[in-house]
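# Understanding the architecture of this molecule
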Amino acid sequence: MKVNLSLSLKLTLIVFVVSGVILFSLTYTNIREQAQFFENAYTDKAIALAQSLDASITSRSDLEETKTLGDSILKFIYSNDDALSISINRPNSSGVLTVFLSSDKELTGTIASAENIRTYETGEVTNIPLHVGDKHTLTVVTPIKLAGQIVGTYEMQLSMNNAYATLDARVTNMIMMAALWLFVAIVSFLILLRRIVVKPITTIRNAANDIARGDLNTRISLKSRDELGDLASSFNHMSVELQQSQAEIKRYSEGLEQQVADRTKELATSEKELKQKVDALERNKKAMMNIMWDLKNTISKLEEAEAQIKDQNIELKDAQKKLHALNKNLEKKVKERTAEVEKLLKQKDEFIGQLGHDLKNPLTPLVGLLPILEEREKDPNVKEHFRVVLRNVDYMRDIVFKTLQLARLRSPNTQFDIKDINLRQEVDNVIGNQILFFQENNMHVENNIDHAVMVKADQLRLDELMNNLFTNAVKYSPKDGGTITIDAEKTKGVATVSIKDTGLGMTEEQLSHIFDEFYKADKSRHDMDSSGLGLAICKRIVEKHGGKIWAESKGPGKGSIFYFTLKLSTKSVMKKEVESS
C-alpha cells in the first residue's frame, strides 16, 4: 500500500536527520578533543614532576644516592594522588638501560622498556595512554639531563580515572543537551513551516480550485513579502484578466447573436452572406478555443512556478536551520573553552606562587648559614666545597626568583605604572648605577639617544630591562673589553631603541631561540651566572608595554644588536610639532 506523506512531514524528517547528524557529530568531536586535552594535561604534569626531580640532581654522584632518590620518589607519589609509580632508569656497567630505582621494588634491576630506550637515545618525551574498562592510565617517559647530556630516563605512571569520570559526566550532559536542542529545533521548524509555507500554499490551492469551478471573483489575501506573496499577486492579476476576458467574450457573443438574427432575416436574399457569417462564427469559436488553451497553459506554468518556489523555500529553510545550529554550537564551545582557559590560568598562577614559596623557604637559611660555616672552616678543601655549594644555592635562588618574576609578568593581573619618562635621562641613570660593573669588565658605553625623546613606560621595569640587556652585552663580550652603543629612532608614534655591542655575535639558529626560556646562546660556558631567563623576562616586559623586541647579528665574532620598541609620550609628540612649526 502506497503511503502519501505531507510536505511538512517530509521536511520535518529531513531536518530531523540533518540536525541529528550535525549535533551528534559535533558532540563526538568535542568528546575526542576533551580526551586529548586530558592526556596532554597529564603529560605536562608528568614533565613538571620530572623537572622537580631534576632540581634535586645536580651531579652524577646524586644519582648514586639511592636512599635520597627513593625518599624523593615516595614523597612525589604521596603528594600526588594521580601518581601510581615512578621509576629512574640508567645504563648499567654494560651500557644496557635498566631500572635503577622504582617505587615498585619488583622492577628494580630489570631491563627498561623500549619506550625508555628510545627516549634515552633521542631525548624525546614519550607518552603511552592505556584504557582498560573503566581504568585509564598514562605512562610518560622523560629524559634525565645533566650538564646538557642525557644520563637516564624517568618513567611515571599516572591515573586518569578522575579526569575520565569528569569526562563521562560531561558526555552525558552533552548528549542530553543535543537531544533537547534537536527537539526544540524540530518543534520550531514545524511551527514556522506551518505558518510561513504550508498555510499560504493551501490558500493558493483553494483559490485555484475556485477558479477551476468558474468563480473568477476569487482573490487571494496574502501579506507575505516573499516568493509566495509574489505568486499570490500574480494569481490575483490572472483572475482579473480572466474575468475581463470572460466579459469581453460574453459581450462579443451577445453581438454575435444579434448579427445572426439579422443575417437570418436576410437569408432568403443572400445565401452567400449567410455562409460568410457562418464562417466568421466558426472562426470566433476557434478563437475562443485558443483563448481557453492559452488559459490552460498559463495555469500549468503557474503550477510549475509554484513547485519551483516550494523547492527554493525548502533549500532556504534548510540553510537557515543549519546556520542557526552551527552558531549555537560555536557560541557554546567558545564559552566552555574560555572558562577552561581562565580556570587553568588561575591554577597555574596558584601553583607557581606556591612552588616559589616552597623553594625559597629552604634556600633562605642556606644562603645565610653557608657563608658563616665557610668562614669558620679551617680546612681549605672543605672551604672550597662550601663555596661550590654556596654558588649552586645562589644559582638556584636566582632561577626561582626569575621564574616567579617571569610568571608574574605572564599574569594578566600584573599591572604596570605607566608614565612619561625621558629616555635619555633614564638610560644615563642605569649606566651610572652600573659604572663599576662596566669598569671592571673594561667596557666603554656610549649613549646617543636624543634628549627630547619621551616614552610611556614603567620606570622600574624599564630599568630592569636595560640592566638585563647591558649584563647580557658585557657577558658575551671579549675579556679585554668592548663598546656598547645605545641609540633610539622615532617613527609613527614609536621609539625604536637599539643596544649594539662588539661581542661574540650569534648564528641564525641562536637568534631564533635567544628569547626562549632557559636558553643559553653559548652552551660551551658552564658557569653559574646565567639562568637563561634574562632575555625571556626582557621579552615579557616589552610585550607588557605593548612593544616588541628582537635581535640581529652578522655572525659569530661580529657583535649583536638588540632592538625593542616603546610608545612615544604625547609630550614628546607635542614638542616635535612645536619645533616643526
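We now turn to the structure provided with this report. (Residues numbered from 1 in each chain as written. Predicted model: local features only at pLDDT ≥ 70, side-chain atom pairs only at ≥ 80, totals over all residues. Heavy atoms only, no water.)

### Points about the overall build of the protein
Our working definition: Per the convention used, a helix needs a DSSP run of H or I reaching at least four residues, while a strand needs a run of E reaching at least two, with both numbered from the N terminus. Note on exposure labels: buried denotes an accessible area under 20% of the residue type's maximum, exposed denotes more than 50%, and partly exposed covers the range between, all computed with a 1.4 Å probe on protein chains only. The contact definition used throughout considers only heavy atoms, calling two residues in contact when any of these lie within 4.5 Å. Note that accessible areas follow from Shrake-Rupley with a 1.4 Å probe, and for residues the cover is restricted to the protein chains shown.
Secondary structure assignment for the protein yields 13 helices and 12 strands. Expressed as a percentage of the 581 residues in the protein, the buried residues total 35%. Restricting the contact set of the protein to residue pairs at least 6 apart, pairs at least 24 apart contribute 66%. Counting every atom, the protein has about 35,900 Å² of accessible surface; 56% of that belongs to carbon and sulfur.

### What about the pairing of strand 2 (residues 97-102)?
Residues in a regular strand project their side chains so that they alternate between the two faces of the sheet. For clarity, the cut-off: At least two DSSP bridges between two strands are needed for those strands to be called paired.
With five of six residues buried, strand 2 is to be regarded as a mostly interior element. With five bridges connecting them, strand 1 (residues 83-91) and strand 2 associate as antiparallel partners. By the bridge assignment for strand 2, Arg-90 is matched with Thr-98. In this structure, the hairpin formed by strand 1 and strand 2 is closed by a connection of five residues, where Gly-95 is found at a positive phi of approximately 85 degrees.

### A short note on the nonpolar core
Selection rule: The set of buried Ala, Val, Leu, Ile, Met, Phe, Trp, Tyr and Cys residues whose side-chain atoms join them within 4.5 Å is what this entry labels a nonpolar core.
Counting 41 residues, the largest nonpolar core has Leu-423, Val-455, Phe-470, Ile-484, Ile-486 and Phe-564 as its most contacted members. Broken down by element, the residue count for this core peaks at seven residues, all from helix 10 (residues 459-475). Those residues within four positions of Phe-470 in sequence are excluded, and the remaining contacts are Val-427, Val-430, Ile-431, Phe-438, Ile-484, Ile-486 and Ile-499.

### Digging into the pattern of salt bridges
Rules: The working definition used for a salt bridge is a side-chain nitrogen of Lys or Arg within 4 Å of a carboxyl oxygen of Asp or Glu.
Under the defined criterion, the tally for this structure stands at six salt bridges. Between Asp-428 and Arg-424 there is a salt bridge, and its shortest N-O distance comes to 3.2 Å. Remark: Arg-424 and Asp-428 occur in helix 8 (residues 423-433); sequence separation between them is four residues, near one turn of the helix. A residue is classified by how much of its surface remains accessible, and Asp-428, at 33% relative accessible area, is partly exposed. Overall, Arg-424 belongs to the buried group, its relative accessible area being 17%.

### Examining the sheet that holds strand 2
Cut-off, in case you're wondering: Comment: axis = line fitted to C-alpha atoms, over the contacting stretch for helices; angle = value between 0 and 180 degrees taken between N-to-C directions.
Read across the open sheet, the five strands follow the order 2-1-5-4-3; overall the sheet is antiparallel. Looking at strand neighbours, the two that pair on one side only are strand 2 and strand 3 (126-132), the edges of this open sheet. Each neighbouring strand pair of the sheet contributes to a mean axis angle of 25 degrees, computed without reference to strand direction. Alignment of strand 3 against strand 4 (residues 135-146), held across seven bridges, turns out to be antiparallel. By the bridge assignment for strand 4, Pro-129 is matched with Leu-138. Where helix 3 (residues 114-122) meets the sheet, it contacts strand 1, strand 2, strand 3, strand 4 and strand 5 (149-159), and its direction lies at approximately 140 degrees from that of strand 5.

### Some thoughts on the packing of aromatic side chains
The condition is simple: The pairing test for Phe, Tyr and Trp rings, Trp by its six-membered ring, is centres within 6.5 Å, and the orientation test on the planes gives stacked under 30 degrees, edge-to-face over 60, and tilted for anything in between. Both a distance and an angle decide whether a charge sits over a ring: NZ of Lys or CZ of Arg must be within 6 Å of the ring centre and within 35 degrees of the ring normal.
All told, the structure shown has four aromatic pairs when counted by the stated rule. Note on Phe-437 and Phe-438: the rings are 6.0 Å apart at their centroids and 50 degrees apart in plane angle, and the pair reads as tilted. A relative accessible area of 1% means that Phe-438 is categorised as buried. An aromatic cluster of at least three residues, connected via ring pairs, comprises Phe-437, Phe-438 and Phe-470. The lysine or arginine in question, Lys-548, covers the ring of Trp-550, its NZ or CZ lying 5.6 Å from the ring centre.

### Notes on the packing of helix 8 against helix 10
Keep this limit in mind: In this scheme, roughly parallel covers angles under 35 degrees and roughly antiparallel covers those over 145, while 65 to 115 is roughly perpendicular and the rest are oblique. The sense of a crossing depends on the near helix, which, turned anticlockwise from the far helix by less than a right angle, makes the crossing left-handed and, turned clockwise, makes it right-handed. Classes in brief: Ala, Val, Leu, Ile, Met, Phe, Trp, Tyr, Cys and Pro nonpolar; Asp, Glu, Lys and Arg charged; the others, Gly included, polar.
Between helix 8 and helix 10, the shortest axis-to-axis distance is 10 Å and the interhelical angle comes to 55 degrees. Viewed along their axes, helix 8 and helix 10 adopt a mutual orientation that is oblique. Here the hand of the crossing between helix 8 and helix 10 comes out right-handed. Counting all contacts with helix 8, which are made through Leu-423, Glu-426, Val-427, Val-430 and Ile-431, the residues of helix 10 involved are Gln-459, Leu-462, Asp-463, Met-466, Asn-467 and Phe-470. Class assignment for the residues of the contact of helix 8 with helix 10 results in seven nonpolar, two polar and two charged.

### Quick look at the environment of Lys-322
Summarising the element assignment, Lys-322 is placed in helix 6 (residues 271-376). Of the residues examined, Lys-322 reaches a relative accessible area of 40% and is grouped as partly exposed. As a C-alpha pair, Lys-322 and Ile-22 span 300 residues in sequence and 8.4 Å in three-dimensional space.

### Some remarks on the side chain of Thr-137
Tracing the backbone shows Thr-137 in strand 4. Discounting residues that sit within four places of it in the chain, Thr-137 has contacts with Leu-84, Ile-128, Pro-129, Leu-130, Gln-157, Leu-158 and Met-160.

### With respect to helix 8
Put simply, the test is: Directions pointing from the helix axis toward each C-beta atom define the arc. Polar contacts here mean pairs of N or O atoms no more than 3.5 Å apart (in protein, one a potential hydrogen donor and the other a potential acceptor; neighbouring residues in sequence count only if both atoms are side-chain atoms).
Three or more residues of helix 8 are buried, namely Leu-423, Arg-424, Glu-426, Val-427, Val-430 and Ile-431. Seen along its axis, helix 8 keeps its buried residues to an arc of 165 degrees; they face one direction. Its side-chain oxygen at 3.2 Å from the backbone nitrogen of Arg-424, Asn-422 defines the N-terminal cap of helix 8.

### Remarks on the packing of helix 10 against helix 12 (residues 534-544)
Angle between the axes and distance between the axes are the two parameters that describe a pair of packed helices. For the pair helix 10 and helix 12, the least separation of the axes is 10 Å and the interaxial angle reads 145 degrees. Pair helix 10 / helix 12 crosses with left-handed handedness. Here Arg-461, Glu-464, Leu-465, Asn-468, Leu-469 and Asn-472 of helix 10 come into contact with helix 12, specifically with Gly-534, Leu-535, Ile-537, Cys-538, Ile-541 and Val-542. For the contact of helix 10 with helix 12, the per-class residue count stands at seven nonpolar, three polar and two charged.

### Remarks on helix 10
Keep this limit in mind: The length a helix should cover is 1.5 Å for every residue beyond the first.
The end-to-end C-alpha separation of helix 10 is 24 Å, in line with the 24 Å expected for 17 residues at 1.5 Å each. Within the sequence span of helix 10, burial applies to Leu-462, Asp-463, Glu-464, Leu-465, Met-466, Asn-468, Leu-469, Phe-470, Asn-472, Ala-473 and Val-474. A distance of 3.1 Å separates the backbone nitrogen of Leu-460 from a side-chain oxygen at the start of helix 10, and that oxygen is part of Asp-458.

### Observations concerning the sheet that holds strand 11 (residues 549-552)
Taken in spatial order, the five strands line up as 7-9-10-12-11 in an open sheet, and their pairing is mixed. Only two strands of the sheet have a single neighbouring strand rather than two, namely strand 7 (443-447) and strand 11. Recorded for the sheet is a direction-independent mean angle of 20 degrees between the axes of neighbouring strands. In this structure, strand 11 lies alongside strand 12 (residues 560-567), joined through four bridges in antiparallel fashion. Looking at strand 12, one finds that Ile-549 is bridged to Phe-564. Against the sheet, helix 8 engages strand 7, strand 9 (482-491) and strand 10 (494-501), with an angle of about 165 degrees to strand 7. Against the sheet, helix 10 touches strand 7, strand 9, strand 10 and strand 12, its axis set at about 175 degrees to strand 12.

### Regarding the pairing of strand 7
Going residue by residue along strand 7, you find Met-443, Val-445 and Asn-447 tucked away on one face and His-444 and Glu-446 left uncovered on the opposite face. Here strand 7 runs beside strand 9; their pairing, made up of five bridges, is parallel. Paired with His-444 across the strands is Thr-483, a residue of strand 9.

### Points about the side chain of Arg-424
A polar contact is formed between the side chain of Arg-424 and the backbone oxygen of Ile-449, at a distance of 2.8 Å. Other than its neighbours up to four places away in sequence, Arg-424 contacts Asn-447, Asn-448, Ile-449, Asp-450, His-451 and Val-453.

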